[in-house]
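These are the residues of each chain, in order.
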2 protein chains.
Amino acid sequence: MIIGYFGDPGSYTSMAAKLMLGGRYVSYRSILDIVNAIERNELDFGVVPIENSIEGQVGQTYDIIYYKDIYINSEYYMKIDHCLIGNSEINKIRFVHSHPQALAQCSNFINKNGFIPVPEYSTSYAIKTISEINNDEHAAIGSEEAANLYNLKIISKSIQNNINNYTRFISISKHMNDHGDKYSIGFSLENRPGSLSRILNIISAFNINMTKIESRPYAKNPFSYIFFIDFEDNGYGNVLIDIIKRETINFKLIGLYRKSGIETGY
Amino acid sequence: MIIGYFGDPGSYTSMAAKLMLGGRYVSYRSILDIVNAIERNELDFGVVPIENSIEGQVGQTYDIIYYKDIYINSEYYMKIDHCLIGNSEINKIRFVHSHPQALAQCSNFINKNGFIPVPEYSTSYAIKTISEINNDEHAAIGSEEAANLYNLKIISKSIQNNINNYTRFISISKHMNDHGDKYSIGFSLENRPGSLSRILNIISAFNINMTKIESRPYAKNPFSYIFFIDFEDNGYGNVLIDIIKRETINFKLIGLYRKSGIETGY
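Taking an unreviewed UniProt entry as the reference, chain A is identified by name as Prephenate dehydratase belonging to Picrophilus torridus. Of the comments in the UniProt record for chain A, the one headed Pathway (unreviewed entry) reads "Amino-acid biosynthesis."

Chemist: Run through the sheet that holds strand 7 (residues 95-98) of chain B, naming residues and quoting values.
Modeler: All names here are of chain B. What the 5 strands build is an open sheet, ordered 8-7-9-6-10; its pairing is mixed. In this open sheet, the two edge strands, each paired with only one partner strand, are strand 8 (116-119) and strand 10 (153-156). Ignoring strand direction, the axes of neighbouring strands in this sheet form an average angle of 40 degrees. Where strand 7 meets strand 8, 4 bridges bridge the pair, whose relative direction is parallel. By the bridge assignment, Phe95 is partnered in strand 8 with Ile116.

Chemist: If you had to explain the packing of aromatic side chains to someone new, which residues and values would you point to?
Modeler: Here the structure, examined in full by the defined rule, presents 12 aromatic pairs over all chains. Note on Tyr66(A) and Phe228(A): the rings are 5.8 Å apart at their centroids and 80 degrees apart in plane angle, and the pair reads as edge-to-face. You can see Tyr66(A) sitting in helix 3 (residues 59-67) and its partner Phe228(A) sitting in strand 14 (residues 225-232), a full 162 residues away along the chain. Across the pair, exposure class does not vary: Tyr66(A) and Phe228(A) are buried alike. For the pair Phe187(B) and Phe227(B), a centre-to-centre distance of 6.1 Å together with 35 degrees between the ring planes defines the contact as tilted. Within this pair, whereas Phe187(B) is found in strand 12 (residues 182-188), its partner Phe227(B) is found in strand 14 (residues 225-232), the two being separated by 40 residues in sequence. Taken as a pair, Phe187(B) and Phe227(B) share a single burial class, namely buried. An aromatic cluster is present here, built from Tyr62(A), Tyr66(A), Tyr67(A) and Phe228(A) joined pairwise through their rings. One cation-aromatic arrangement involves Lys252(A) over Tyr71(A); the distance from NZ or CZ to the ring centre is 4.7 Å. The ring of Tyr25(B) carries Lys18(B) above its face, with NZ or CZ at 5.6 Å from the centroid.

Reading the values: rules and limits
- Residues numbered from 1 in each chain as written.
- Chains lettered and ligands numbered in written order.
- Predicted model: local features only at pLDDT ≥ 70, side-chain atom pairs only at ≥ 80, totals over all residues.
- Heavy atoms only, no water.
- UniProt positions renumbered as here; feature names shortened; annotations may be inferred.
- Pairing = 2+ DSSP bridges.
- Helix = DSSP H or I, 4+ residues; strand = E, 2+ residues; numbered from the N terminus.
- Axes fitted to C-alpha atoms, helices over the stretch in contact; angles between N-to-C directions.
- Phe/Tyr/Trp six-rings, centres within 6.5 Å; stacked < 30°, edge-to-face > 60°.
- Buried < 20%, exposed > 50% of the residue type's maximum accessible area, 1.4 Å probe, protein only.
- Lys NZ or Arg CZ within 6 Å of the ring centre and 35° of its normal.

Here it is in structure tokens:
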């Protein structure tokens, strides 16, 4: 089985991929590249981040699972512990390289130390860059695993603003699972008062636990939206989906998979 | 009146600021820097992007208007027309610098030409960088205004993937307006089935047009959410707010302002 993951070796997504699926792992520079490789049958699965408990939705992942013939097959919640990584001392460092989300998640630490943030493609690419440039003024933010992989030292641990920093990863493929206990759906609605309320009432009437509602812009029509809802099956998930399908526009069943992790519900 | 805007001179936000408010304009490198300056009374207003019709929410703006003593005073929708800007010919260019959102919005053009995207703080900073490095292999993506400001030429116009590319900007200050016809609110909810449905039912019962619902992670409690709702006043907005306040947790009235632009409703 061939599994594509986002980022360079040592990325958080590579770690998630190894915990979620067994096989041969291939690194990709973008989420779109992974999806293109799945469509060309070069990959069985892709592993990508979908949301972070501090920074929120990964918009590109939402857009891809809605617009492409791609389905969610599993989910995994990983605690993110960011480290300052390099080859020098903290007082020599001026520039800190990382993915923009990781820089944002460590903004207090960066500001306190007066570091200049340098955005990179991924945390692991930032760490690889540091190992190559070998300059005392440059450090990176990323995982302990990536630091070990590139023979760099951990200068500071757990430097994120908020200790409750989790990322939800999903595995995606061309195929829908035939069983599971959690559904992801996406749809748009007619623009009239009460249209979304009606959908949530149906969910509520089934006494079904909605773990998430998210909106993304519908690119074809400025400031109209696609709504994404995750809910736990209570035995009537299939019936609920049939009903919602009739009440919405451009409905897509995005995934059926085993619920994992730490979510709450609304 | 002193108005802070995000980005360098010539940024889309600087253009929005000039269309929204009159006074002296000051450039800031981050949205948080603007809010800190408002809190220190160095600025009367800030102008920041809150959402884009292609890329979605500006997460940091949502977090700031919810967690800080900051209110929305007005909104403005601007059509974004990205240009490829530089001093050379299209076939010499290898690297394209811009804000990550602008790079994403022009990804088709970038991929088709085989350019390597280079993320920068802001579109205007990217253009400034190009004017300084003066290297034929480097170009930037940004506004025609910024190209003129830095004496660079427009190599290609309207290079965004989707022609329907609008950004919604807001002006923010320490004070709430005392009139307007559109409200923004934020709140969290108890984790039980139907809790969000109940709020949307109340809005629907008032026959009020909800123009937006957005969720952001509630940082203190992983994978619980803050809900953001915008709605148009129909004369009973104040009553609606009193009722919603009693039904939610951590309610904040974020803004009352004049409705502008091209939104639809749910």
